[in-house]
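# Secondary and tertiary structure notes
Chain by chain, the residues:
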Amino acid sequence: MRSVFLCGFMGCGKSTVGKLLAEMLGCDFYDMDEYIVEREKMQIPEIFSEKGEKYFRETETEVIRELSEAKGVIACGGGAMLKKENSEIASEKGIVIYIESEFEVCYGRISGDKNRPIVMSNTKEELNFIYDSRIPLYKANSAVTVSGNGTPREIAENIAEILSV
């Protein structure tokens, strides 16, 4: 089995869908953000404030390299596949799937989440701008786009079906 990298905006369902998908496929699940927290022994807001976003993004690249060898389902951070190098590593070692969800759905899930530095430092309008600017990059850096509409199980089943073809 090749690794499956789930990408998309914060709150699109990568982690929830990823856990279900890994269960369906009988493989391991990795949440990149949780992996980074364990690896760095710091919460993401702490990493951003103490080491900076640049350090965090470099760590994401290292983690994508590590996890690409794991042969499981990987829920990427919302910004991970925006970096060409990351998408190239992921595409070489697995398949990148973009979960496309509407901004309002994502915003409803992430609003006020103190573990998301980008959410906490931007207004809803600014987040909507970030969302709009990221969509073309998610699409360009993924092999497949799936609809984020439906229950997490339905989305996971849709992805599992795509992977079996």
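Structure first, text after, so check above.
The paragraphs below set out a description of the structure included in this document. Not measured: the values here are computed from a predicted model.

For the protein, the helix and strand inventory stands at nine helices and five strands. Seen in sequence order, the protein has helices and strands lined up from the N terminus as β-α-β-α-α-α-β-α-β-α-α-α-β-α. What you see for the protein is a C-alpha radius of gyration of 15 Å, in line with the 15 Å of a compact globule of 165 residues. Over its C-alpha atoms, taken along the principal directions, the protein stretches across nearly 40 × 30 × 25 Å. The 165 residues of the protein split such that 49% are buried. Sequence separation of 24 or more characterises 72% of the internal contacts of the protein that already satisfy a separation of 6 or more. On the protein, roughly 8,100 Å² of surface is accessible, and the fraction owed to carbon and sulfur atoms is 49%.

Take the environment of Lys93 next. Topologically, Lys93 is positioned in helix α5 (residues 84-93). In this structure Lys93 touches Arg2, Ser3, Ser68, Glu69 and Lys71, once residues within four positions along its chain are discounted.

What holds strands together in a sheet is hydrogen bonding between their backbones, with the strands either parallel or antiparallel. Ordered in space as β2-β3-β1-β4-β5, the five strands form an open sheet in which the pairing is parallel. If you trace the sheet from one side to the other, it starts and ends with β2 (29-31) and β5 (144-147), each paired once. The average angle at which neighbouring strand axes cross in this sheet is 25°, direction not considered. Of the strand pairs in this sheet, strand β1 (residues 3-7) and strand β4 (residues 94-100) are connected by five bridges, and their pairing is parallel. Within the sheet, the bridge partner assigned to Ser3 lies in β4 and is Gly94. Across the sheet, α5 touches β1 and β4, and the angle it forms with β4 is around 120°. Packing of helix α9 (residues 152-164) onto the sheet brings it into contact with β1, β4 and β5, and relative to β5 it is tilted by some 150°.

On to the nonpolar core, then. What tends to happen in soluble globular proteins is that the nonpolar side chains get buried as a cluster. Counting residues in each nonpolar core, the largest one holds 53 residues, and the members touching the most others are Leu6 and Phe9. Leave out the neighbours within four places in its chain, and Leu6 touches Lys14, Val17, Gly18, Leu21, Val73, Ile74, Ala75, Cys76, Ile97, Ile99 and Ile159.

So, about the side chain of Ser68. With respect to the secondary-structure elements, Ser68 resides in helix α4 (residues 53-68). From its side chain, Ser68 meets the backbone oxygen of Arg65 in a polar contact 2.8 Å long.

What counts and what doesn't
- Residues numbered from 1 in each chain as written.
- Predicted model: local features only at pLDDT ≥ 70, side-chain atom pairs only at ≥ 80, totals over all residues.
- Heavy atoms only, no water.
- Helix = DSSP H or I, 4+ residues; strand = E, 2+ residues; numbered from the N terminus.
- Rg over C-alpha atoms; globule rule 2.2 N^0.38 Å.
- Buried < 20%, exposed > 50% of the residue type's maximum accessible area, 1.4 Å probe, protein only.
- Contact = heavy atoms within 4.5 Å.
- Areas by Shrake-Rupley, 256 points an atom, 1.4 Å probe, with all protein chains shown as cover.
- Pairing = 2+ DSSP bridges.
- Axes fitted to C-alpha atoms, helices over the stretch in contact; angles between N-to-C directions.
- Core = buried A, V, L, I, M, F, W, Y, C linked by side-chain atoms within 4.5 Å.
- Polar contact = N/O pair within 3.5 Å; in protein donor to acceptor, adjacent residues only side chain to side chain.

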